[in-house]
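Listed here are the chains, written in short residue letters.
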Amino acid sequence: MRPARTPGWGVASTLAAPALALLIALTVSTAVLAAVGASPSRTYLTMLEFGVRPDSLVSAVNRSAIYFFAGLAVAVSFRMNLFNIGVEGQYRFAALLAAAAGTSFDLPGPLHLAVVCLVAVLAGALWAGIAAVLKTWRGVSEVLSTLLLNYVATAVIAFLLAEVFAAGSATGSTPELPPSARLPELDGLLALCGVSLPAGAHLGGAVLGAVVLGVAVHLVLTRTLYGYDLRMSGLNPAAAHAHGIDPRRMIIITMLVSGGLAGLAGLPDLLGNTYRYGVDFPSGAGFTGIAVALLGRNSPLGIALSALLFGFLERSALILDIEGIPKEIVTIMQGVIVISVVVAHELARRMDRRRTARLVREGAPAPATPAGPAA
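Along every chain, residues carry numbers that run from 1 in the direction the sequence is written. pLDDT decides what is reported in this predicted model: residues at 70 or higher carry local features, side-chain atom pairs at 80 or more are listed and counted, and totals for whole chains, interfaces and linings draw on all residues regardless. By convention in this description, side-chain values take in all heavy atoms of the structure and omit both hydrogens and water.

**With respect to the overall build of the chain**
At step 1: Secondary structure elements are defined from DSSP: runs of H or I of at least 4 residues count as helices, runs of E of at least 2 residues count as strands, and each element is numbered from the N terminus. Scanning the chain for helices and strands turns up 15 helices and zero strands.
At step 2: Relative to the 2.2 N^0.38 estimate, which gives 21 Å for 375 residues, the radius of gyration of the chain is 22 Å and therefore close to what a compact globule would have.
At step 3: For the chain, the C-alpha atoms occupy an extent of roughly 70 × 55 × 45 Å along the three principal directions.
At step 4: Under the scheme applied here, a residue whose accessible area is under 20% of the maximum for its type counts as buried, over 50% as exposed, and between as partly exposed, the area being computed with a 1.4 Å probe on protein chains only. Across the 375 residues in the chain, those meeting the buried criterion constitute 45%.
At step 5: About 17,600 Å² of surface is accessible on the chain, with carbon and sulfur atoms providing 69% of the total.
At step 6: His is not counted here, nor are the chain ends, while Lys and Arg score as positive and Asp and Glu score as negative. Positions of charges follow a simple convention, taking NZ of Lys, CZ of Arg, CG of Asp or CD of Glu. Computed over 25 positive and 20 negative side-chain charges, the separation of the two mean positions in the chain equals 14 Å. Each radius of gyration reported is based on C-alpha atoms, and the globular scaling rule is 2.2 Å times the count of residues to the power 0.38. Computed with a 1.4 Å probe, the accessible areas rest on the Shrake-Rupley method; for each residue, only the protein chains presented here act as cover.

**A word on the side chain of E88**
At step 1: Here E88 lies in helix α4 (residues 87-102).
At step 2: It turns out E88 is buried and unbridged, and the closest side chain with the opposite charge, R92, is 4.5 Å from it.
At step 3: At a separation of 2.7 Å, a polar atom in the side chain of E88 contacts the main-chain amide nitrogen of G284.
At step 4: A distance of 3.4 Å separates the side chain of E88 from the backbone nitrogen of A285, its partner in a polar contact.
At step 5: Two residues form a contact once any of their heavy atoms are found within 4.5 Å. Once residues within four sequence positions are removed from consideration, E88 is found in contact with N150, S283, G284, A285, G286 and F287. Any carboxyl oxygen of Asp or Glu within 4 Å of a side-chain nitrogen of Lys or Arg constitutes a salt bridge here. Side-chain atoms alone can form a polar contact between residues adjacent in sequence; in general such a contact is a pair of N or O atoms within 3.5 Å, and within protein one must be able to donate a hydrogen while the other accepts it.

**Some points on the nonpolar core**
At step 1: Formed by 95 residues in total, the largest nonpolar core has its most connected members in L261, L270 and Y277.
At step 2: With 13 residues, the single largest contributor to this core is helix α3 (residues 54-78).
At step 3: If we skip the residues at most four places from it in the chain, L261 touches F69, L72, A73, V76, L213 and V217. Nonpolar core, defined: a set of buried Ala, Val, Leu, Ile, Met, Phe, Trp, Tyr and Cys residues in which side-chain atoms within 4.5 Å join the residues together.

**As for unusual backbone geometry**
At step 1: Despite not being glycine, Y275 has its phi angle at roughly 65 degrees, a positive value.
At step 2: Relative to the helices and strands, Y275 resides in the loop between α12 (267-274) and α13 (285-295).
At step 3: Despite not being glycine, R297 has its phi angle at roughly 55 degrees, a positive value.
At step 4: Mapped onto the elements of the fold, R297 is located in the loop between α13 and α14 (300-316).

See below:
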């Protein structure tokens, strides 16, 4: 009788899909570069040399914190086979309300910052909760509702900026947040550890927050009753319902948690860079978070590595225009990753199913299969 899990199979199946996705993305990008007359080897070498500069690495890590929050938000919903593709609207709506709240009152530094973060979490959860209610009460697909709510969020944000929070402002943005509501930088902490950053480079406090949140989410998903119910609901909804897990309650809770995490994605920019919300507030992180979650296989550690990769690619693209290379190649690479990672995950899933069927035929217990649409 063959054992249920051969040595190394779990690691291999976990790494196969991301590795295949990156290989496909690299192949397609190479073909595109060759088609436009650019040297693929020169392009990749230029990106690598610029990306590994100390200031570039710090910038990439700062940017990866945003993608990490967005990726976590997507991954939590994925684990229950829910597709929250409305992270984009959720974090932008949350950032606006957080900016407005942060300028509406004065509190001591840590408390002021905590309240602003809490407002962002609640606002993101509120916006995601609309889709949860529509799904549980009316059966509306969360794919459709969260996608359309992105456009609704854009309209609501534009109205609130024009008529409420930035009315009469010459810059079209909310007032600037006071220092007590801003994220501290980690330069001093790094200096105590003997690490010095290059001149002009600053490591944002959101990076430390991402590490803490990643550990917390991992513990919640693997060590709590909610995490168990979430895994059960994702693996087998019928069996979960038979064990007394209310699917409607789980949908609402999961969407609220996902939206709350999404609300944090706008804070690194708001509290560590722009200090206000305006029409030019950075966007697009919500959609990138989908790719980050898929590539990271819904694991906090995998999402962290995936977010670092996307942050590195975004930073490396800045040098391409200067070198006369189309920087859009990075956008193409990211888009191909999104497509290929879905294909790669499906191939890996079929391999797992075939192996499970073979083990069942041979009389061995079937190995566990990860949950979620991207597993």
